[in-house]
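Residues per chain, in single letters:
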Amino acid sequence: MSLGKLLERLIQLIPVLLGVSLIVFVMLALTPGDPVQIMVGEQAITPEQEAELRRDLGLDRPMVERFFLFIANAVQFDFGQSFYHGRPVADVIAERLPATIELSLVALIVALATAIPLGVLAAIRKNSIFDRLATVGSLLGVSLPGFWFGILLIMLFAVHLQILPVSGRIGYASEVPTVTGFLLIDTLLAGDFAAFGEALRYLILPAITLGLPMTAILMRVTRASMLEVMRQDYITFAEAKGLSHRRVIFRHALKNALIPTVSVAAIETGSLLGGNMIVETVFGWPGLGRLVVESIFLRNYPLVQAAVLLYAITYVLLNFVADILYTVLNPRVKL
Amino acid sequence: MTVLLEVSNLHTEFHARAGLVRAVDGVSLKVSRGECLGVVGESGSGKSVTFSSVMGLVRSPGQVTQGAIFFDGRNLRDLSREEMRAIRGRDIAMTMQDALTALNPALTVGEQLAEVLEAHDETLPTGRTARRTAIRDRSVEMLGLVGIPSPEARLRQYPHEFSGGMRQRIMIAIALACRPKLLIADEPTTALDVTIQAQVLELISDIRARLGMAVVLITHDLGVVAEHCDRVMVMYAGQVVEEGPTDQVIGAPCHPYTRGLLASIPRPALRGQPLTPIMGQVPDLVGLPPQCRFHSRCPLAQPQCLVEVPMRDAGPGRRSRCLRLEEMA
């Protein structure tokens, strides 16, 4: 991996971010609803007060000027003040980000840990009952809407069986000092295993809901690439060498079959961001996704713009990670 | 010479959508210790499937349905999966047509060599460091044996970093790592340039002499057979049609198919004249009637050939599946 390539990627990021900013800006402007009206609500205020509020929020200037002002500030990492929090947008986002990253990572781990073994098993038992069930299951997994599946899980495990919490994150109740913002890490750092278990309990249902579509996709990719690899001559040759079945499957086949799986996983991680908005809302998870949804309803322009930029950067970086992983797993390819 | 491999009446069938394909239909053969047997036939004649059956590597939907495969005194068809695994790679090794696809692209050459030693070699020391050193030394020795320069450094490289000829040598080194008693070389030269072909065949002959192993050379090149094999077996449409000592079979073939194969080889002396092809096509293996399979393409065919023809003695050590072999001399 050369420095030049890295630089090239970073430069590629610039037009992407500019484009994304413009689209978000225009779409927000076209969305009906006026932030000032929403903010004021039922209160009776004079037109003078309203004009002042509008000036305070910077909404009295023409749209083109607002856009360039936003870009000029964003370049300096200043995303303005949140309309509602009265604090810099960057601070508000930074506060919510760890909860979202933690949820996404756990969802990713859950997805990988179930999809890869299931995909391999489905491939080596091709056309068996298990394979058929897995295929139907993965079709369901992609098609079930997250909000619906999440509510089903809540009804079953939280309401009916009462073994897992309904919603929220242990955060509010816990006494664990915040170091990283990731509860699973902070509780361990504090040596509080009870709190760690509690944090995990809160994570299970949202992580499964968030990871389900990804699990389904990754399982199908793993199965397909495993079947493809098992037909290759080098598998026959490995068998002709008298290696154990396990070694042929895991060392010879899986190492090659994982190349597409890992690339798809890295790219699909980006789609977890979108899923986060729904899942966090359903499970009352205090993360960025829910914050963005709330902010959209409140027409909190600065926050939505900053968050979408962050999503775009993450997405591009994840694609980059996918490329790097591809070269790591595949010795024939060099970046 | 004692017999190392004896296959009798082997049947391997594939359940295809069009019907039952008898890819190997009653093949019997013998390979003595240290001997080189050439197996000749066009694509689809069943030569590769015969030896996949010997290795126990026929893929679904294929299945060995009948016959016995005696190797070193044991019937391989009676062995458990685990016993068969222990024989593969240790006693019977195989090389494939194209080393580019037969070597795993994601593993280093060193790892692919080491794992076969790891799987079979009981003389390796048990201590971890000693074992690793021993495996490394053996790997370096094997790469040296097949003529790879600076083997030590090349163990860390991946297959794609080698040339075609070098890859073929590496595959041979892997196959020979455990000093097998029998090497099945499936079209070892087809994927190579002509100059490299000769080198690879020399290498196999040379190592065969040095290790005293038997070799089955599957090929469709009669020239290769003439130069390297003690005996030759010609296959057509899933059956053996002729077998015998190489010089006799090539000098005086006693099956019309062998004769046709020999006639279709270009010769410098006949430059400018058209080649003599065997007319017609290999028959479809689905639902073949029990009669001479070469009948439809045979210049000597007679109405009485429309019966099932057994292998018949055609002189000392020679057999042919032709009713009219006496007329061919």
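Residues numbered from 1 in each chain as written. Chains lettered and ligands numbered in written order. Predicted model: local features only at pLDDT ≥ 70, side-chain atom pairs only at ≥ 80, totals over all residues.

## Here's the deal with the overall build of chain B
Part 1 of the reasoning: Helix and strand counts for chain B come out as 11 helices and 12 strands.
Part 2 of the reasoning: What you see for chain B is a C-alpha radius of gyration of 21 Å, in line with the 20 Å of a compact globule of 329 residues.
Part 3 of the reasoning: Contacts in chain B between residues far apart in sequence, at least 24 positions, make up 66% of those at least 6 positions apart. (Helix = DSSP H or I, 4+ residues; strand = E, 2+ residues; numbered from the N terminus. Rg over C-alpha atoms; globule rule 2.2 N^0.38 Å. Contact = placed C-beta atoms within 7 Å.)

## Looking at the UniProt feature "domain: ABC transporter" (unreviewed entry) in chain B
Part 1 of the reasoning: As annotated in UniProt, the feature "domain: ABC transporter" (unreviewed entry) corresponds to residues 5-262 of chain B in the numbering used here.
Part 2 of the reasoning: Spanning residues 5-262 of chain B, this segment combines 41% helix with 28% strand, and its end C-alpha atoms are found 28 Å apart. (UniProt positions renumbered as here; feature names shortened; annotations may be inferred.)

## Digging into the interface of chain B and chain A
Part 1 of the reasoning: Residue-level contacts link 23 residues of chain B with 19 residues of chain A.
Part 2 of the reasoning: Among the elements that take part in the side of chain B that touches chain A, helix 4 (residues 109-120) of chain B stands out by supplying four residues, more than any other.
Part 3 of the reasoning: A per-class count over the side of chain B that touches chain A returns 13 nonpolar, five polar and five charged. (Nonpolar A, V, L, I, M, F, W, Y, C, P; charged D, E, K, R; others polar.)

## Re the environment of I250(B)
Residue and element names in this part refer to chain B.
Part 1 of the reasoning: By secondary structure assignment, the location of I250 is in helix 10 (residues 246-251).
Part 2 of the reasoning: A C-alpha to C-alpha distance of 8.9 Å links I250 and V232, two positions 18 residues apart in sequence.
Part 3 of the reasoning: Once you skip the residues sitting within four places of it in the chain, I250 turns out to touch L222, A226 and L262.

## A look at helix 1 (residues 47-55) of chain B
In an α-helix, one turn spans 3.6 residues, which is why side chains three or four residues apart end up on the same side.
Residues and elements named next belong to chain B.
Part 1 of the reasoning: Extensive coverage of helix 1 is indicated by the burial of nine of its nine residues.
Part 2 of the reasoning: Every buried residue belonging to helix 1 is among K47, S48, V49, T50, F51, S52, S53, V54 and M55, and all of these are buried.
Part 3 of the reasoning: Backbone geometry just downstream of helix 1 places G56 in the positive-phi region, at approximately 70 degrees. (Buried ≥ 20, exposed ≤ 12 C-beta atoms within 10 Å, placed from the backbone.)

## Overview of helix 9 (residues 193-230) of chain A
Residues and elements named next belong to chain A.
Part 1 of the reasoning: With 38 residues, helix 9 extends only 44 Å from end C-alpha to end C-alpha; this falls clearly short of the ideal 56 Å at 1.5 Å per step.
Part 2 of the reasoning: Residue G211 marks the point of greatest curvature in helix 9, where the axis turns by about 45 degrees; the proline P213 follows within four residues.
Part 3 of the reasoning: Buried residues dominate helix 9, accounting for 27 of its 38 residues. (Expected span 1.5 Å × (residues − 1). Bend = angle between axes of the 7 residues up to and from the residue.)

## Considering the packing of helix 6 (residues 129-143) of chain A against helix 9 of chain A
Residues and elements named next belong to chain A.
Part 1 of the reasoning: At their nearest, the axes of helix 6 and helix 9 sit 7 Å apart, and the two run at 140 degrees to each other. Our classification of the angle between helix 6 and helix 9 gives oblique. The handedness of the crossing between helix 6 and helix 9 is left-handed. For the pair helix 6 and helix 9, the contacting residues are A134, S138, G141 and V142 in the first and L212, P213, T215, A216, I217, M219 and R220 in the second.
Part 2 of the reasoning: Looking at the contact of helix 6 with helix 9 residue by residue, the classes come out as seven nonpolar, three polar and one charged. (Axes fitted to C-alpha atoms, helices over the stretch in contact; angles between N-to-C directions. Parallel < 35°, antiparallel > 145°, perpendicular 65-115°, else oblique. Left-handed = near helix turned anticlockwise from the far one by under 90°.)

## Re the domain arrangement of chain A
All names here are of chain A.
Part 1 of the reasoning: Under the domain assignment, chain A is made up of domain 1 (13-75) and domain 2 (89-329).
Part 2 of the reasoning: Between domain 1 and domain 2, the C-alpha centre-to-centre distance is 35 Å.
Part 3 of the reasoning: Domain 1 puts 13 residues into the contact, and the matching count from domain 2 is 11 residues.
Part 4 of the reasoning: Residue contributions to the side of domain 1 that touches domain 2 peak at eight residues, all from helix 1 (residues 3-30).
Part 5 of the reasoning: Of the residues assigned to the side of domain 1 that touches domain 2, the class counts are 11 nonpolar, two polar and no charged. (Domains from an automatic or database assignment.)

## Overview of the UniProt feature "transmembrane region" (unreviewed entry) in chain A
All names here are of chain A.
Part 1 of the reasoning: According to UniProt, the feature "transmembrane region" (unreviewed entry) maps to residues 12-30, 103-124, 144-164, 202-221 and 308-329 in the numbering used here.
Part 2 of the reasoning: Strand forms 0% of residues 12-30 and helix 100%; the C-alpha atoms that close the span are 28 Å apart.
Part 3 of the reasoning: Taken as a whole, residues 202-221 contains 100% helix and 0% strand, while its terminal C-alpha atoms sit 30 Å from one another.

## Side note on the sheet that holds strand 9 (residues 231-236) of chain B
All names here are of chain B.
Part 1 of the reasoning: Strand order in the open sheet formed by eight strands is 6-7-8-3-9-10-12-11, with mixed pairing between adjacent strands. Looking at strand neighbours, the two that pair on one side only are strand 6 (92-95) and strand 11 (312-313), the edges of this open sheet.
Part 2 of the reasoning: Bridge analysis of strand 11 against strand 12 (residues 319-320) gives two bridges, and the strand direction is antiparallel. Each residue of the ladder has a partner; that of R312, found in strand 12, is S320.
Part 3 of the reasoning: Against the sheet, helix 7 (residues 164-176) touches strand 6 and strand 7 (182-186), its axis set at about 170 degrees to strand 6. (Pairing = 2+ DSSP bridges.)

## Looking at the confidence of the model for chain A
Part 1 of the reasoning: Within chain A, residue pLDDT values average 86, and 98% of them lie at 70 or more.
Part 2 of the reasoning: Across chain A, helix 10 (residues 233-240) of chain A holds the top mean pLDDT of 94, while helix 2 (residues 35-40) of chain A sits lowest at 78. (pLDDT = per-residue confidence, 0-100.)

## Description of the pairing of strand 7 of chain B
The two faces of the sheet receive side chains in turn, since in a regular strand these alternate between them.
Residue and element names in this part refer to chain B.
Part 1 of the reasoning: With five of five residues buried, strand 7 lies mostly within the body of the structure.
Part 2 of the reasoning: Burial along strand 7 is two-sided: the residues L182, I184 and D186 and L183 and A185 are all buried.
Part 3 of the reasoning: Here strand 6 runs beside strand 7; their pairing, made up of four bridges, is parallel. Note that in strand 7 the partner of M94 across the bridge is I184.
Part 4 of the reasoning: Alignment of strand 7 against strand 8 (residues 214-219), held across five bridges, turns out to be parallel. Following the sheet pairing, A185 is matched in strand 8 by L217.
Part 5 of the reasoning: Taken together, strand 7, helix 8 (residues 194-211) and strand 8 constitute a β-α-β crossover, and its handedness is right-handed. (Right-handed = clockwise from strand over helix to strand, strands pointing away.)

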